[in-house]
Amino acid sequence: MKTMITRISAVAIAMVVLGAMGLVGCGNNSADNATTADVPTSVEVKTVVVTQIETKDDSADKAKKKQEAISKAKAKKIALKDAADKYRIKNADVYGFQIEKDPEDGQWEIEFKAKKNGLVYDYDYDIAIKNGEILKGDEERDDD
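Note that the coordinates shown come from a computational prediction; the quantities given were computed from them, not determined experimentally. (Residues numbered from 1 in each chain as written. Predicted model: local features only at pLDDT ≥ 70, side-chain atom pairs only at ≥ 80, totals over all residues. Heavy atoms only, no water.)

Caption draft 1: A look at the pairing of strand E4 (residues 108–116). Here E4 shows one buried face, formed by Trp108, Ile110, Phe112, Ala114 and Lys116, and one open face, formed by Glu109, Glu111, Lys113 and Lys115. Where strand E3 (residues 94–101) and E4 come together, 6 bridges link them in antiparallel fashion. Looking across to E4, one finds that Ile99 is bridged to Ile110. What sits between E3 and E4 in their antiparallel hairpin is a turn of 6 residues, with Gly106 showing a positive phi close to 75°. Note that E4 and strand E5 (residues 119–127) share 9 bridges and pair antiparallel. Across the sheet, residue Ile110 finds its bridge partner in E5, namely Tyr125. (Buried < 20%, exposed > 50% of the residue type's maximum accessible area, 1.4 Å probe, protein only. Helix = DSSP H or I, 4+ residues; strand = E, 2+ residues; numbered from the N terminus. Pairing = 2+ DSSP bridges.)

Put into structure tokens, the structure is as follows:
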């Protein structure tokens, strides 16, 4: 944990206060000016301490957050939107949705089927976990 402490100097405050008090006594001697009895003879000086605490995340937590920046739900949305735009399928026609993390490269692997024009098609996507980039996305006619 990193701590930064800033102190305001009591001497600086005292100088400002005493300087202001000295200005009260300046000027001509008219009755409108302050007299010596009006000037305080003691000044209470306080020291102010401002503390700011910064915490840093454990590096393992940061690495995990960075690695899994894209959730399963977000990866699913990305794949469905791309398939709708590129292959003109409707979300209502999608079924058999599967998503898992590839054990080798750690990316999201997404597979699903959709009916289009009376035929069944298979869709296969790889989505980068760290940024949601589509690494692979294709459509194949299901011959089964």
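Caption draft 2: Fine view of the packing of aromatic side chains. Evaluation of the coordinates by the stated rule reveals 4 aromatic pairs. On the numbers, 5.4 Å between centres and 15° between planes, the contact of Phe97 with Phe112 is stacked. Here Phe97 is found in strand E3, whereas its partner Phe112 is found in strand E4, with 15 residues between them in sequence. Taking the centre distance of 5.1 Å and the plane angle of 15° together, the rings of Phe112 and Tyr123 count as stacked. On the criterion of sequence distance, the pair formed by Phe112 in strand E4 and Tyr123 in strand E5 is long-range, its members being 11 residues apart. Taking relative accessible area as the criterion, Phe112 reaches 3% and is therefore assigned buried. (Phe/Tyr/Trp six-rings, centres within 6.5 Å; stacked < 30°, edge-to-face > 60°.)

Caption draft 3: Local environment of the pattern of salt bridges. Inspection of every chain in the model, using the stated rule, returns 6 salt bridges. Across the salt bridge formed by Lys113 and Asp122, the nearest N and O atoms sit 2.6 Å from each other. Here the salt bridges do not stand alone but share partners, grouping Lys113, Asp122 and Asp142 into one network. (Salt bridge = Lys/Arg side-chain N within 4 Å of Asp/Glu carboxyl O.)

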